[in-house]
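Structural overview for review
As a plain string of letters, each chain reads:
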Amino acid sequence: MQYFYRSAHDPIIHAVIRTDGRIDPVRLGEAFLLSCKTVPVISCSFSVRGGKPCWKPQTYDRNAFLELVTPETDENAAEERFLTSTIDIARGPQVKAGMIREQGGDTLCVLMNHMITDGGGFKEYLYLV
């Protein structure tokens, strides 16, 4: 149903995680990549050909999941800009994260296609990563 609703709203689930320390972007990218073994649909693209929707497995590297977001003027603007971006479901992956390096600690913004899961599943996925 989320696929059909996309003309009315972008079916993306959002999360913001603030830390008082530093996130290692290489390890985090690896964690997202490894999560594809547990949740394979994360590494798929969505296709509707001939009226038959399907998930098509794709191959990504760790950089496909994580973007280092540079704040232009302030961290709040960078956070808002990333959170209002979207996921290209036809290209995948179905989750993407933006890491904003701030003075007091790092902020991680995560977007996931709502076609994958609901809010409870998203929370479980974030714990997995």
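Please refer to the structure placed before this passage.
The following paragraphs examine the structure supplied in this document.

Reading the values: rules and limits
Residues numbered from 1 in each chain as written. Predicted model: local features only at pLDDT ≥ 70, side-chain atom pairs only at ≥ 80, totals over all residues. Heavy atoms only, no water. Helix = DSSP H or I, 4+ residues; strand = E, 2+ residues; numbered from the N terminus. Rg over C-alpha atoms; globule rule 2.2 N^0.38 Å. Buried < 20%, exposed > 50% of the residue type's maximum accessible area, 1.4 Å probe, protein only. Pairing = 2+ DSSP bridges. Axes fitted to C-alpha atoms, helices over the stretch in contact; angles between N-to-C directions. Contact = heavy atoms within 4.5 Å. Phe/Tyr/Trp six-rings, centres within 6.5 Å; stacked < 30°, edge-to-face > 60°. 1 Å grid on protein atoms, 1.4 Å probe; cavity = no way out; pocket = protein on both sides within 12 Å on 5 of 7 lines; lining within 4 Å. Points joined across faces, edges and corners; volume = space filled by probe spheres on them.

**Quick look at the overall build of the protein chain**
Tallying secondary structure elements over the protein chain gives four helices and six strands in all. For 129 residues, the compact-globule estimate of 2.2 N^0.38 gives 14 Å, and the protein chain sits close to it at 15 Å. Taken along its principal axes, the extent of the C-alpha atoms in the protein chain is 50 × 30 × 25 Å. Out of the 129 residues belonging to the protein chain, those deemed buried represent 40%.

**Describing the sheet that holds strand β4 (residues 66-69)**
Read from one edge of the open sheet, four strands run β1-β6-β5-β4, paired in mixed fashion. The strands lining the two open edges of the sheet, one partner per strand, are β1 (12-18) and β4. The mean inter-strand angle of the sheet, taken between neighbouring strand axes irrespective of direction, is 20 degrees. Helix-sheet contacts for helix α4 (residues 119-128) involve β1, β5 (95-101) and β6 (106-113), and the interaxial angle to β1 is about 40 degrees.

**Quick notes on the packing of aromatic side chains**
Pairs of aromatic rings are described using the distance from one ring centre to the other and the angle between the two planes. By the definition in use, this model includes four aromatic pairs. Plain terms: the ring middles of Phe32 and Phe65 are 6.3 Å apart, the flat faces sit at 5 degrees to each other, and that makes the pair stacked. Residue Phe32 is found in helix α2 (residues 25-38), and its partner Phe65 is found in the loop between β3 (52-57) and β4; the two are separated by 33 residues along the sequence. We classify Phe65 as buried; its relative accessible area is 1%. Summarising the aromatic geometry, the rings of Phe32 and Tyr125 are spaced 6.4 Å apart at their centres and angled 40 degrees between planes, so their arrangement reads as tilted. In this pair, Phe32 is assigned in helix α2 and Tyr125 in helix α4, connecting sequence segments 93 residues apart. There is no split in this pair, since Phe32 and Tyr125 are both buried. One aromatic cluster is present, built from ring pairs that chain together Phe32, Tyr60, Phe65 and Tyr125.

**Overview of the pairing of β6**
By the criterion of burial, β6 is predominantly enclosed, with eight of the eight residues buried. With burial as the criterion, each face of β6 is covered, one bearing Asp106, Leu108, Val110 and Met112 and the other bearing Thr107, Cys109, Leu111 and Asn113. Relative to β6, β1 runs antiparallel, the two sharing seven bridges. Considered in β6, the bridge of Ile17 is made with Leu108. Across seven bridges, the pairing between β5 and β6 is antiparallel. Within β6, the position partnered with Arg101 by the bridge is Asp106. Where β5 hands over to β6, the hairpin turn is made up of four residues, of which Gly105 adopts a positive phi near 155 degrees.

**Quick word on the layout of surface pockets**
Empty space within the largest pocket amounts to approximately 150 Å³. Lining of the largest pocket is provided by Ile17, Thr19, Ile23, Leu28, Ala31, Phe32, Leu108, Leu126 and Val129. It is α2 that provides the largest number of residues to the lining of the largest pocket, a total of three residues.

Purely geometric numbers; function is a separate question.
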